Amino acid sequence: MEKAVTDEATAAADPTPEELLYSAEVRHVNGKCTLTISDHLHDAVEIYEVPRAAVKKLPFYLSMLRNKLS
């Protein structure tokens, strides 16, 4: 299930040094896990239902990302 809210009229400007660009949240409600991705530059939000098994693997993938960025 995907829901997207976008405002095409919003132009992408250069972000300020402290501006939040993107954020992601994983929530568990009523036995289902949802991933919400917010694009703060374009005022867009995408929501996906994700399998619980994928949520359990997130710490592993975040660790890989941290190692790659270090």
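Residues numbered from 1 in each chain as written. Predicted model: local features only at pLDDT ≥ 70, side-chain atom pairs only at ≥ 80, totals over all residues. Heavy atoms only, no water.

**Structural notes on the overall build of the protein chain**
Along the protein chain, the regular secondary structure elements total one helix and four strands. The N-to-C order of helical and strand elements in the protein chain reads β-β-β-β-α. Taking all 70 residues of the protein chain together, the buried fraction comes to 9%. Across the protein chain, the fraction of contacts at a sequence separation of at least 24, relative to all contacts at a separation of at least 6, is 35%. (Helix = DSSP H or I, 4+ residues; strand = E, 2+ residues; numbered from the N terminus. Buried < 20%, exposed > 50% of the residue type's maximum accessible area, 1.4 Å probe, protein only. Contact = heavy atoms within 4.5 Å.)

**Structural notes on the side chain of Asp 39**
Along the chain, Asp 39 falls in strand S3 (residues 32-39). Only 3.1 Å separates the side chain of Asp 39 from the backbone nitrogen of Leu 41, close enough to count as a polar contact. (Polar contact = N/O pair within 3.5 Å; in protein donor to acceptor, adjacent residues only side chain to side chain.)

**Some details on a nonpolar patch on the surface**
A contiguous nonpolar patch, built from Val 26, Leu 58, Leu 62, Leu 65 and Leu 69 and spanning about 450 Å² of accessible area, is present on the exposed surface. The topology assignment puts Leu 62 in helix H1 (residues 52-69). (Patch = residues over 30% accessible without salt bridge, like charges linked within 9 Å, V, L, I, M, F, W, Y side chains within 5 Å. Areas by Shrake-Rupley, 256 points an atom, 1.4 Å probe, with all protein chains shown as cover. Salt bridge = Lys/Arg side-chain N within 4 Å of Asp/Glu carboxyl O.)

**Notes on unusual backbone geometry**
In this structure, Asn 30 takes a positive phi of about 55° despite not being glycine. When you line up the elements, Asn 30 lands in the loop between strand S2 (22-29) and S3. The backbone of Asp 43 sits at a positive phi, close to 55°, despite the residue not being glycine. Take Asp 43: its relative accessible area is 55%, and that puts it in the exposed class.

**What to know about the packing of aromatic side chains**
Here the structure, examined in full by the defined rule, presents one aromatic pair. Aromatic pair Phe 60 and Tyr 61: ring centres 5.3 Å apart, planes at 70°, arrangement edge-to-face. For Phe 60, a relative accessible area of 51% translates into the label exposed. (Phe/Tyr/Trp six-rings, centres within 6.5 Å; stacked < 30°, edge-to-face > 60°.)

Taken by themselves, the reported measurements are silent on function.
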